[in-house]
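Report on the structure
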Amino acid sequence: MNKFINYPLYLKITCVLLSLVIFSYIAILLENIFVPLFLGLLVASLLVPFSHFLEAKFKFNRGVASITVVVLAFLILIGVLLLIGMQLSHLQDDWPAFQSQLMDSTTVIQEWVYTKFGIAREHQMNYIESAASNSLKAGTDILGAAMSSISTLLMFIVFTFLYSVFLLIYRGHIVRFILMLFPDKHKDKVLDTVHAIQHMVKKYLVGLILQMIIVSTLALIAFAILDVKYALMLAIITGILNVLPYVGILIALITTMLITFATASGTKVLFVLIAFVVIHAIDGNIVMPKIVGSKVKVNSLVVIIGLILGEMAWGISGMLLAIPTLAIIKIICDRVESLRPWGYLLGEESLPKNIVVEEEIKEEN
């Protein structure tokens, strides 16, 4: 007869913390393996119904169906990126106007600084030249790092593509392997957990795509009304960057304001700022809770912490993967008896069915 040993709390906490440290170190060390693998898992989960459709309807071999759906998905992604790139190539035509606008604004700012603080233009220019030289050196270093990382980015895309294909091909094999890891009495619960994770990931990604389309459409309408140049490109960029919670919309705002500043008046920049505030309000209060948030039952505090930890570990990729990772962890915690308190902590403020609130007891009495 096996005897259950109840270890002290401090020993349990120590083991948990050591496990987290070791896991985090391995995750950071093997970033180039884990990130494309996780992205490939998300892409494969989204494309499972399409692959199954080709296999059932057109009698495609599983390998052929998997390759077909992944190639089509990547072609759509490449088409969107090419559309943005074609729009970006036209920005060079407005570069002289941007320089002129910048010089005019610099003159106005210099006049204001001289009037308010009495700093002569010569001193201002000396300071600007010193800052520009330092910025140029830093910019050169950043450009060199960016150029050296192009090969890494290409390999990242290639491995994400390959992982997506092979995860689709061997999806049944992987599920059977997971079932073999647990005793027969737990197989129903394990299978339910796997199906719940797959369902959540698929619904979350579909909701994310719908959110991108809705935000891009709202931005396009707003930019068209304001007659902003490159409205289509800026709308697509806004929708894509909005995938990054809290940070993406800020980056899209700065980019749009800079381009609008280079091609229009300062008044239009103010209207663009107002348009972004309205779009973000609609997205945050209507689109996100109804379309995306309803698929991921994770509270906002945990999301913010997850985004910070994800950025510290894997950068932008970590921020993209933070929310689905937290949702998967919550699904697992909700289905394991000893981890249910953690599942409740990750979720929204609602009590599990087996917990009775003190107020309810008082009302009954």
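Cut-offs used in this document
- Residues numbered from 1 in each chain as written.
- Predicted model: local features only at pLDDT ≥ 70, side-chain atom pairs only at ≥ 80, totals over all residues.
- Heavy atoms only, no water.
- Core = buried A, V, L, I, M, F, W, Y, C linked by side-chain atoms within 4.5 Å.
- Buried < 20%, exposed > 50% of the residue type's maximum accessible area, 1.4 Å probe, protein only.
- Helix = DSSP H or I, 4+ residues; strand = E, 2+ residues; numbered from the N terminus.
- Contact = heavy atoms within 4.5 Å.
- Patch = residues over 30% accessible without salt bridge, like charges linked within 9 Å, V, L, I, M, F, W, Y side chains within 5 Å.
- Areas by Shrake-Rupley, 256 points an atom, 1.4 Å probe, with all protein chains shown as cover.
- Salt bridge = Lys/Arg side-chain N within 4 Å of Asp/Glu carboxyl O.
- Axes fitted to C-alpha atoms, helices over the stretch in contact; angles between N-to-C directions.
- Left-handed = near helix turned anticlockwise from the far one by under 90°.
- Nonpolar A, V, L, I, M, F, W, Y, C, P; charged D, E, K, R; others polar.

1. A few points about the nonpolar core
Among the nonpolar cores identified, the biggest contains 28 residues, and Met200 and Val201 are the most heavily contacted of them. Among the elements that line this core, the one with the most residues is helix H13 (residues 316-335), at eight residues. Formed by 21 residues, the second largest nonpolar core is a distinct cluster that contains Val215, Tyr230, Ala252 and Phe276.

2. Some details on the side chain of lysine 330
Positionally, lysine 330 belongs in helix H13. With a relative accessible area of 13%, lysine 330 lands in the buried category. In contact with lysine 330, not counting residues within four places along its chain, are Lys297, Val298, Gly343, Leu346 and Gly347.

3. Description of a nonpolar patch on the surface
Together, Tyr246, Val247, Ile251, Leu301, Ile304, Ile305, Ile308, Leu309 and Met312 make up a nonpolar patch on the protein surface, roughly 870 Å² of accessible area in all. Element by element, the count of residues in the nonpolar patch is highest for helix H12 (residues 300-314), at six residues. Relative to the elements of secondary structure, isoleucine 304 occurs in helix H12. A residue is classified by how much of its surface remains accessible, and isoleucine 304, at 38% relative accessible area, is partly exposed.

4. Section: the environment of leucine 218
Along the chain, leucine 218 turns up in helix H8 (residues 187-225). By relative accessible area, leucine 218 is classed as partly exposed at 26%. Separated by 58 residues in sequence, leucine 218 and phenylalanine 276 place their C-alpha atoms 9.6 Å apart. When residues no more than four places from it in sequence are discounted, the contact partners of leucine 218 are Ile279 and Ile282.

5. Some points on the packing of H8 against helix H9 (residues 231-241)
The geometry of H8 relative to H9 is characterised by a closest axis approach of 8 Å and an angle of 145 degrees between their N-to-C directions. You can see that H8 and H9 cross each other, and the crossing is right-handed. Along its contact with H8, which presents Met212, Val215, Ser216, Ala219, Leu220, Phe223 and Ala224, the element H9 presents Ala231, Leu232, Leu234, Ala235, Ile236, Thr238, Gly239 and Ile240. Counted by class, the contact of H8 with H9 contains twelve nonpolar, three polar and no charged residues.

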